[in-house]
Amino acid sequence: MHYNKYSNALMKRFGEKVYKIPINLPITCPNRDGSIGKGGCAFCGEIGAGFEAQESCHSVSKQLADNIAVIAPKYHARKFIAYFQNYTNTYMALDRFKAFTEEAAGFPDVIGISISTRPDCISEPYLAHLKQLSTAYGLAIEIELGLQTVNEASLLKLNRGHGVSEFLTAVKLVQAFGFTICTHLIGNIPWDTEGDLYEAARLINHLKIDAVKLHSLYILKESLLGQWYTDGEFSMIDADTYIQRVIHFLRILNPEITIQRLFGRAPESMTLFCNWGMSWRKLQNELDHRMTMLGVKQGDLYEE
Ligand code: SF4
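Conventions and cut-offs
Residues numbered from 1 in each chain as written. Predicted model: local features only at pLDDT ≥ 70, side-chain atom pairs only at ≥ 80, totals over all residues. Helix = DSSP H or I, 4+ residues; strand = E, 2+ residues; numbered from the N terminus. Rg over C-alpha atoms; globule rule 2.2 N^0.38 Å. Buried ≥ 20, exposed ≤ 12 C-beta atoms within 10 Å, placed from the backbone. Contact = placed C-beta atoms within 7 Å. Axes fitted to C-alpha atoms, helices over the stretch in contact; angles between N-to-C directions. Parallel < 35°, antiparallel > 145°, perpendicular 65-115°, else oblique. Left-handed = near helix turned anticlockwise from the far one by under 90°. Nonpolar A, V, L, I, M, F, W, Y, C, P; charged D, E, K, R; others polar. Pairing = 2+ DSSP bridges. Expected span 1.5 Å × (residues − 1). Arc of directions from axis to C-beta. Core = buried A, V, L, I, M, F, W, Y, C linked by C-beta atoms within 7 Å.

Asker: Explain the overall build of the protein to me, using residue names and the numbers behind them.
Answerer: For the protein, the helix and strand inventory stands at 10 helices and 9 strands. Compactness check: the protein gives a C-alpha radius of gyration of 19 Å against a globular reference of 19 Å for 304 residues, within 12% of the reference. Across its three principal directions, the C-alpha atoms of the protein cover 45 × 45 × 35 Å. Out of the 304 residues in the protein, the part that is buried amounts to 41%. Here the analysis covers contacts within the protein between residues at least 6 apart in sequence; of these, 85% occur between residues at least 24 apart.

The structure is reproduced here in C-alpha cells:
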C-alpha cells in the first residue's frame, strides 16, 4: 500500500465498509452573500462542490435514503457517514443546523457525521451541539476544513476571504472537541509553487490533522477562474508534473494521515479543464504505478 487510503482506514476503524453519503442543504456561504465576500471563491461554481449530491429541496432523510438505496448494493456497504458537503455547513442559524444534523444522526445505519465548512466560519455552539449528538447517538464526527493552499497571495487571488491564521484557529477549536479533521488542499493552483504544497504537508503534519483531500484544480465554465482561463491569464501544469508533485507531497506527509482523495472530480459538461482530459481513475492508476516503480510510499520522507 503506497498511502493510507480512506476506505482502508474506515474499515480498520469500524470493522466493515463505510460509505460517505453527500447531503446538499438549501444554504449559501458567507463568501457569496457579502458577509465575508462577494462572488465566492474564484474556482467555485453556482452549485458549490457537490456534483454527486441530490437537490437541496429534498429533506435530509430523503437524500440519505435515496443515496443509500443506490450505494449500499453497489459497494456492499451497511454503515454510512452523513456528509454535509455543499457550501458552508456551519453558516446558518444554530437551530437549523441542529435540526438538519439531528435528522441525519437518527437515520438508520448512520454511524458518523461529516461537516464541510470554511475555517473562518466555525464556532463553539455548533461544535458543542455535534458533541452532544456524538454522545447521544455514538457517532464519529469529522469536520472538513477548506484551506486549499498555504500561499497567502494565492488565497487572496482566489478570493477565499481567509488566510492561514484562520485555519490554525479553527483546527485548535475543533481539536479541543476531539473531532477528526480533514483538510482540503488544491495541488496545482497556478499561482502556487510546488514548495507551497510541500509546506502544506509539513503544516498538516505539525497540526496533527487526521485526513487530507487533495484536489487537482478543475476549471468550471461558470466561474471567475473560468473567465481568467479563457482570457489566457494563466496556464496549468501538466499531468506528469502534477503526479510527481503529489508523490512528493505524500512522501513528506505523516504516514498516519488518511488520504481521502488525490484528484478533483467534476462533470465534463461543466468544466473547461478537468484532469487533463483523463478520468481521475486513470490518473490514480498512473500515480500508483509510478510509486511502485520508484519504490516510495507515504511518509518515507516524513520528519517528526
Ligand atoms: S468554495 Fe466554499 S467558501 Fe468558496 S465560494 Fe464556494 S461554497 Fe463558498
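Asker: Tell me about the packing of helix α7 (residues 194-207) against helix α9 (residues 239-252), residues and numbers included.
Answerer: As a packed pair, α7 and α9 sit with axes 9 Å apart at the nearest point and diverge in direction by 25°. When the axes of α7 and α9 are compared, the pair comes out roughly parallel. The way α7 lies across α9 gives a crossing that is right-handed. The segment α7 lies against α9, with E194, L197, Y198, A201 and R202 engaging R245, H248, F249 and I252. Grouping the constituent residues of the contact of α7 with α9 by class yields 5 nonpolar, 1 polar and 3 charged.

Asker: Which residues make up the sheet that holds strand β6 (residues 211-215), and what values do they have?
Answerer: Strand order in the open sheet made by the 7 strands is β1-β2-β3-β4-β5-β6-β8, with parallel pairing throughout. Unpaired on one side and paired on the other, β1 (18-23) and β8 (258-261) mark the two borders of the sheet. Between one strand axis and the next, the sheet turns through 25° on average, direction left out of account. Direction of pairing for β6 relative to β8: parallel, over a ladder of 3 bridges. Bridged to V212 within β8 is I259. The strands touched by helix α1 (residues 6-14) within the sheet are β1, β2 (79-84), β3 (110-117), β6 and β8, with β8 carrying the most contacts at an inclination of about 125°. Against the sheet, helix α3 (residues 94-105) makes contact with β1, β2 and β3, and its axis sits at roughly 150° relative to β3, the strand it touches most.

Asker: Please provide a residue-by-residue account of α3, values included.
Answerer: Taking 1.5 Å per residue, 12 residues should reach 16 Å; α3 reaches 16 Å between its end C-alpha atoms and fits that length. Three or more residues of α3 are buried, namely F97, F100, T101, A104 and A105. Buried residues of α3, seen end-on, are gathered within an arc of 135° and therefore sit on one face of the element. Across α3 from its buried face, at more than 90 degrees, point the exposed residues D95, R96 and A99. Buried residues belonging to α3 abut β1, α2 (60-75), β2, β3 and α4 (124-137).

Asker: Got a sec to walk through the environment of D120? Specific residues and values, please.
Answerer: In this structure, D120 sits in the loop between β3 and α4. Overall, the presence of 20 C-beta atoms within 10 Å leaves D120 in the buried class. Remark: the alpha-carbon pair of D120 and K74, spanning 46 residues in sequence, is separated by 37 Å. Setting aside residues no more than four positions away along its own chain, D120 makes contact with I36, H162 and E166.

Asker: So what's going on with the nonpolar core? Residues and values would help.
Answerer: In terms of nonpolar packing, the biggest core is built from 74 residues, with I23, A82, A104, I113, V212, V246 and F249 touching the most fellow members. Per element, the largest residue contribution to this core is 6 residues, and it comes from α9. Not counting residues within four places of it along the chain, the set of residues in contact with I113 comprises I81, A82, T101, A104, A105, L130, L133, L139 and I141.

Asker: Kindly report on the packing of α3 against α4, identifying the contributing residues and their values.
Answerer: For the pair α3 and α4, the least separation of the axes is 11 Å and the interaxial angle reads 20°. Judged by the angle between their axes, α3 and α4 are roughly parallel. Where α3 crosses over α4, the handedness of that crossing is right-handed. Contacts between α3 and α4 pair L94, F97, K98, T101, E102 and A105 from the former with P125, Y126, H129, L130, L133 and Y137 from the latter. Broken down by class, the residue content of the contact of α3 with α4 amounts to 8 nonpolar, 2 polar and 2 charged.

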